[in-house]
Amino acid sequence: MDLNTITAVAHPQTRAQLPVWTAGDAWLAGGTWLFSEPQTHLTRLIDLTDLKWPALTVTENHLSIAATCTIAQLDGLACPPDWRAAPLIGQCCRAFLASFKIWKTATIGGNLCMSLPAGPMISLASALDGICTIWKAGGGEQKIPVIDFVTGNQRNRLTPGDLLRQIDVPVAALKRRTAFRQISLAPVGRSAALLIGSRDTDDMLTLTVTASTVRPIQLSFRGAPDASALHAAIAQQITDDLYHTDIHGQPLWRKHMTLRLAEEIRRELLGATS
């Protein structure tokens, strides 16, 4: 899609060179959504690619994912053998309704900032206790857990001019046992429910619910909850108004699938039998 209202494109190479944010500005990274439909309210794009942030950085304590890291780059990460949660990366990347061309262009930060309920990078980063680093428009930084970053369907904690810099995932989270469940109305359709469970060495069972709800919701259990305890916790913490509705699934069906997939995850991680 040609954006014929754009009159300027800025190419900052450092944070100091970022222009003062004004009405009509938009950050440009992958641009897969930006160029997918008319954006008649925009007059200037601020291209982030010349900032040359390293896509992925592994330290002793964290995996740092630049906001400009592409889906293909994340999927291609060679993970250490003790990262038991590593399969989640490929599973969430493949939960995209996207071609290989999109994989090579779309960014992790873009998926978070679009804040769609079905955003699989939101699912991945929420389940792995990711922390967003945000460059504030007025200077300074703000750190927000990914689970709190998205506040609703296409709503998040960013204010005008804020820029998502990176997501830091604790290595400890990557060493947990995990279980993944996802369902769509069509074989390659947008996720209608995407749930991730994890269990750590302290016997904490954590369930992260996305896609079926308008924002990520996380439930934690000490020990081994039975099926009724899991069902009751979901019913209490995910009220009916939190279930998303669109052409990809109605709220009652999404609620049903959330309960069903959550029970499957509970059984997998706890080794329960029917």
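Reading guide: rules and limits
- Residues numbered from 1 in each chain as written.
- Predicted model: local features only at pLDDT ≥ 70, side-chain atom pairs only at ≥ 80, totals over all residues.
- Heavy atoms only, no water.
- Helix = DSSP H or I, 4+ residues; strand = E, 2+ residues; numbered from the N terminus.
- Contact = heavy atoms within 4.5 Å.
- Pairing = 2+ DSSP bridges.
- Axes fitted to C-alpha atoms, helices over the stretch in contact; angles between N-to-C directions.
- Phe/Tyr/Trp six-rings, centres within 6.5 Å; stacked < 30°, edge-to-face > 60°.
- Expected span 1.5 Å × (residues − 1).
- Buried < 20%, exposed > 50% of the residue type's maximum accessible area, 1.4 Å probe, protein only.
- Domains from an automatic or database assignment.
- Polar contact = N/O pair within 3.5 Å; in protein donor to acceptor, adjacent residues only side chain to side chain.

## Section: the side chain of S126
So, step 1. Residue placement: S126 occurs in helix α5 (residues 120-127).
So, step 2. For S126, the contacting residues outside a window of four places in its chain are V146, I147, T208, P216 and Q218.

## Things to note about the sheet that holds strand β2 (residues 25-28)
So, step 1. Spatial ordering of the open sheet is given by β1-β3-β2, a layout of three strands whose pairing is parallel. Pairing within the sheet leaves two strands with one partner each, and these edge strands are β1 (8-10) and β2. Strand-to-strand twist in this sheet, taken as the mean axis angle between neighbours without regard to direction, amounts to 25°.
So, step 2. In this structure, β1 lies alongside strand β3 (residues 44-47), joined through three bridges in parallel fashion. Each residue of the ladder has a partner; that of A10, found in β3, is I46.

## Points about the sheet that holds strand β14 (residues 217-222)
So, step 1. Taken together, four strands build an open sheet; the order of strands is β11-β12-β13-β14 and the sheet is antiparallel. At either end of the open sheet lies a strand with only one pairing partner, and these are β11 (177-183) and β14. Here the average twist between neighbouring strands, direction ignored, is 15°.
So, step 2. Helix α8 (residues 227-237) rests against β13 (204-210) and β14 of the sheet, and its axis sits at about 145° to β14.
So, step 3. Along the sheet, helix α9 (residues 251-270) contacts β11, β12 (193-199) and β13; its crossing angle with β11, the most-contacted strand, is approximately 155°.

## What to know about the packing of aromatic side chains
So, step 1. Throughout the structure, instances matching the rule amount to two aromatic pairs.
So, step 2. For the pair W21 and W27, a centre-to-centre distance of 4.9 Å together with 40° between the ring planes defines the contact as tilted.
So, step 3. Relative to W135, the ring of W53 lies with its centre 5.5 Å away and its plane at 85°, an arrangement referred to as edge-to-face. With W53 in the loop between β3 and β4 (56-58) and W135 in strand β6 (residues 131-135), this pair connects stretches of sequence that are 82 residues apart.

## With respect to α9
An α-helical turn contains 3.6 residues, so a residue and the one three or four places further along point in the same direction.
So, step 1. With 20 residues, α9 should reach 28 Å at 1.5 Å per residue; the first-to-last C-alpha distance of 28 Å fits that figure.
So, step 2. Within the sequence span of α9, burial applies to R254, M257, T258, L259, L261, A262, E263, I265, R266, L269 and L270.
So, step 3. At its buried positions, α9 is contacted by β11, β12, β13 and α8.
So, step 4. Of the residues one or two after α9, G271 is the one with positive phi, at around 70°.

## Here we look at the pairing of β12
So, step 1. Within β12, six of the seven residues are buried, which leaves the element mostly enclosed by the surrounding structure.
So, step 2. Bridging between β12 and β13 involves six bridges; their strand directions are antiparallel. When the sheet's bridge partners are listed, G197 is paired in β13 with L207.
So, step 3. Between β12 and β13, which pair antiparallel and follow one another directly, the connecting turn spans four residues, one of which, D203, has a positive phi of 70°.

## A word on α5
So, step 1. Most of α5 sits out of view: eight of its eight residues are buried.
So, step 2. For α5, every residue scored as buried is listed here: P120, M121, I122, S123, L124, A125, S126 and A127.
So, step 3. Downstream of α5 by a residue or two, D129 has a phi angle that is positive, lying close to 60°.

## So, unusual backbone geometry
So, step 1. With a phi close to 60°, D129 is a non-glycine residue in the positive phi region.
So, step 2. Residue placement: D129 occurs in the loop between α5 and β6.
So, step 3. With relative accessibility at 29%, the residue D129 sits in the partly exposed group.
So, step 4. Non-glycine residue Q154 carries a positive phi angle of around 60°.
So, step 5. Position of Q154 relative to the elements: it lies in the loop between β8 (150-152) and β9 (155-156).

## A look at the domain arrangement of the chain
So, step 1. Per the domain assignment, the segments of the chain are domain 1 (8-50), domain 2 (56-172) and domain 3 (176-270).
So, step 2. Centre-to-centre separation of domain 1 and domain 3, based on C-alpha positions: 36 Å.

## Some thoughts on the environment of T208
So, step 1. Tracing the chain through its elements places T208 in strand β13.
So, step 2. T208 sits 54 residues away from A262 along the chain, and the two C-alpha atoms are 9.2 Å apart.
So, step 3. Excluding residues within four positions of it along the chain, T208 makes contact with S126, A127, I147, L194, L195, I196, I217 and Q218.
So, step 4. A polar side-chain atom of T208 sits 2.8 Å from a polar atom in the side chain of Q218.

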